Amino acid sequence: MLVIMKDHASASDIQHVVDLLTEAGAEAHLSRGEIKTIIGVIGDREVMYSLELGGLPGVEQVIRVLKPYKLVSREFQPEDTVVRAGGSSVGGGAFATVAGPCSIESEAQVLETARAVKAAGATMLRGGAFKPRSSPYAFQGMGVEGLRLLRAAGDEVGLPVVTEVLDVRDAETVATYADVLQVGARNMQNFMMLDELGTMAKPVLLKRGLCATIEELLSAAEYVLKGGNRDVILCERGIRTFETYTRNTLDLGAVAALRQLTHLPVLVDPSHATGRRELVAPMCRAAVAAGADGLMVEVHPDPEHARCDGPQSLTTTAFAELMGDLAARVALEGKVSGGVL
Ligand code: PEP
Ligand code: MN
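Nothing here was measured: the structure is a model prediction, and the numbers come from that model.

1. Side note on the site of ligand 1
- Near ligand 1, the surroundings consist of Arg 126, Lys 131, Pro 132, Glu 164, Gln 182, Gly 184, Ala 185, Arg 186, Lys 207, Arg 237 and His 272.
- Between Arg 237 and ligand 1, the recorded distance is 2.6 Å, taken from a side-chain N or O atom to an oxygen atom.
- Considered on its own, ligand 1 offers 290 Å² of accessible surface; in the complex 97% of this is hidden by protein.
- When atoms are counted within 2 Å of each cavity's grid points, the one that captures over half of ligand 1 is the second largest pocket.
- Residue composition of the shell around ligand 1, by class: 2 nonpolar, 3 polar and 6 charged.

2. A closer look at the coordination of the manganese ion (ligand 2)
- Within the protein, the manganese ion (ligand 2) binds to Cys 102 (SG), His 272 (NE2), Glu 298 (OE) and Asp 309 (OD); these donor distances fall in the range 2.0 to 2.4 Å.
- All donor residues of the manganese ion (ligand 2) come from one chain, and their arrangement in sequence is C-x169-H-x25-E-x10-D. Pair noted here: Cys 102 is in the loop between β7 (94-100) and α3 (107-120) and Glu 298 is in strand β14 (residues 294-298), with a separation of 196 residues, a long-range link. You'll find Cys 102 and Glu 298 in the same group, each marked buried.

3. With respect to the packing of aromatic side chains
- Applying the stated rule across the entire model yields 1 aromatic pair.
- A cation sits over an aromatic face here: Arg 64 above Tyr 49, 3.8 Å from the ring centre.
- A cation over an aromatic ring shows up here: Arg 307 above the ring of Phe 139, its NZ or CZ 3.8 Å from the ring centre.

4. Brief notes about the layout of surface pockets
- Its boundaries defined by the atoms lining it, the largest pocket holds a volume of some 390 Å³.
- Lining the largest pocket we find 16 residues, and of these Lys 67, Pro 68, Tyr 69, Lys 70 and Glu 222 sit closest to its centre.
- Mapped onto the lining of the largest pocket, the elements with two or more residues apiece are α2 (45-50) and α7 (214-226).
- A total of 4 residues in the lining of the largest pocket trace back to one element, the largest contributor, which is α7.
- When its residues are assigned to classes, the lining of the largest pocket shows 7 nonpolar, 2 polar and 7 charged.
- The volume enclosed by the second largest pocket comes to roughly 280 Å³.
- Surrounding the second largest pocket, 21 residues form its lining, Pro 132, Arg 186, Arg 247, His 272 and Asp 309 being those nearest its centre.
- In terms of residues, the lining of the second largest pocket owes the most to one element, strand β9 (residues 161-164), which gives 3 residues.

5. A short note on the pattern of salt bridges
- This model, assessed by the stated rule, comprises 20 salt bridges.
- Close ionic contact of Glu 298 with Arg 126 constitutes a salt bridge, the shortest N to O distance being 3.5 Å. In this pair, Glu 298 is assigned in strand β14 and Arg 126 in strand β8 (residues 124-126), connecting sequence segments 172 residues apart. In this structure, Glu 298 and Arg 126 share a single accessibility class: buried.
- Put simply, Asp 325 and Arg 329 hold a salt bridge, and the shortest N to O gap is 3.2 Å. Here Asp 325 pairs with Arg 329, and both are found in helix α11 (residues 316-332), just 4 residues apart, close to one helical turn.
- On the basis of relative accessible area, Asp 325 is assigned to the partly exposed category, the value being 28%.
- Here the salt bridges do not stand alone but share partners, grouping Arg 74, Asp 80, Arg 259 and Asp 293 into one network.

Reading guide: rules and limits
Residues numbered from 1 in each chain as written. Chains lettered and ligands numbered in written order. Predicted model: local features only at pLDDT ≥ 70, side-chain atom pairs only at ≥ 80, totals over all residues. Heavy atoms only, no water. Near = heavy atom within 4 Å. Polar contact = N/O pair within 3.5 Å; in protein donor to acceptor, adjacent residues only side chain to side chain. Areas by Shrake-Rupley, 256 points an atom, 1.4 Å probe, with all protein chains shown as cover. 1 Å grid on protein atoms, 1.4 Å probe; cavity = no way out; pocket = protein on both sides within 12 Å on 5 of 7 lines; lining within 4 Å. Sits in = over half its atoms within 2 Å of the grid points. Nonpolar A, V, L, I, M, F, W, Y, C, P; charged D, E, K, R; others polar. Donors = N, O, S within 2.8 Å, 3.2 Å for Na, K, Ca; no water. Helix = DSSP H or I, 4+ residues; strand = E, 2+ residues; numbered from the N terminus. Buried < 20%, exposed > 50% of the residue type's maximum accessible area, 1.4 Å probe, protein only. Phe/Tyr/Trp six-rings, centres within 6.5 Å; stacked < 30°, edge-to-face > 60°. Lys NZ or Arg CZ within 6 Å of the ring centre and 35° of its normal. Points joined across faces, edges and corners; volume = space filled by probe spheres on them. Salt bridge = Lys/Arg side-chain N within 4 Å of Asp/Glu carboxyl O.

Have a look at this one:
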């Protein structure tokens, strides 16, 4: 941590900061310039931050140099984490394509989608059974019956299944059906949920919060790893900005940054990021080029009649075309679809 003192801060103000730090067991290293004094601090992170030095007389700014996460960082583990789920892998050169409807609506809908995405080369099947909707009056998902249909469709076509845990009380139930437990954007900082999933033996797909910074996403992932569960997949799904033409703004810079900062695999969800079907394919191509370890794409056999997110869902035909186009691009990045176990 660095404490930047105001121009010409008095000797007593500087000494006061140094005294507080020393009392708290930290080392203070002074760098005195003609105008400014900067105090470099070495010591326990949490203790240093709890001192709230920013409000003291003569202090201009406190800069946190240490990262608030450790286990997820590249420094801690230089090699990529490979997450395995039901015969499919992601990370470390294994490229995942998670495809399926926004929500599970019927046995026929999920089965038709599962067959189509499997035939097109998807490596995991997605589908929401518990849906986080902006309006409490909108379709909330089929619940446990939806989980059962998703599992059955996945088993039928031979794909692992991914679905969202909306409430920590449902975590055990969802885990009995799903191969990968999704934490939605609105729950990224639900720390009780992250703690609970950290104790479970199923991979977690953690979506970036609508207004979450990269550091906050990594700190949320750190909670899961700290609980003992090392199998976390991150997902960039667009963030809130002033732009309204797209549903969110796809932050591809974050994808490249995450690949450098963390060993965890990073997926891109261009469906929720753009909210527009016609933008999904170009953003998939961009995501592959940005270094993503996989994609999450909403696919529906009849998007016009979808109960949720139809405008951003690809038809099964469009998804097959997209997969054909992506194959060479994924190979160019040195990645293998579905990965080697
Ligand atoms: C989803 O993937 O079904 C979903 C609701 O996405 P998000 O949490 O990113 O909005
Ligand atoms: Mn959706």
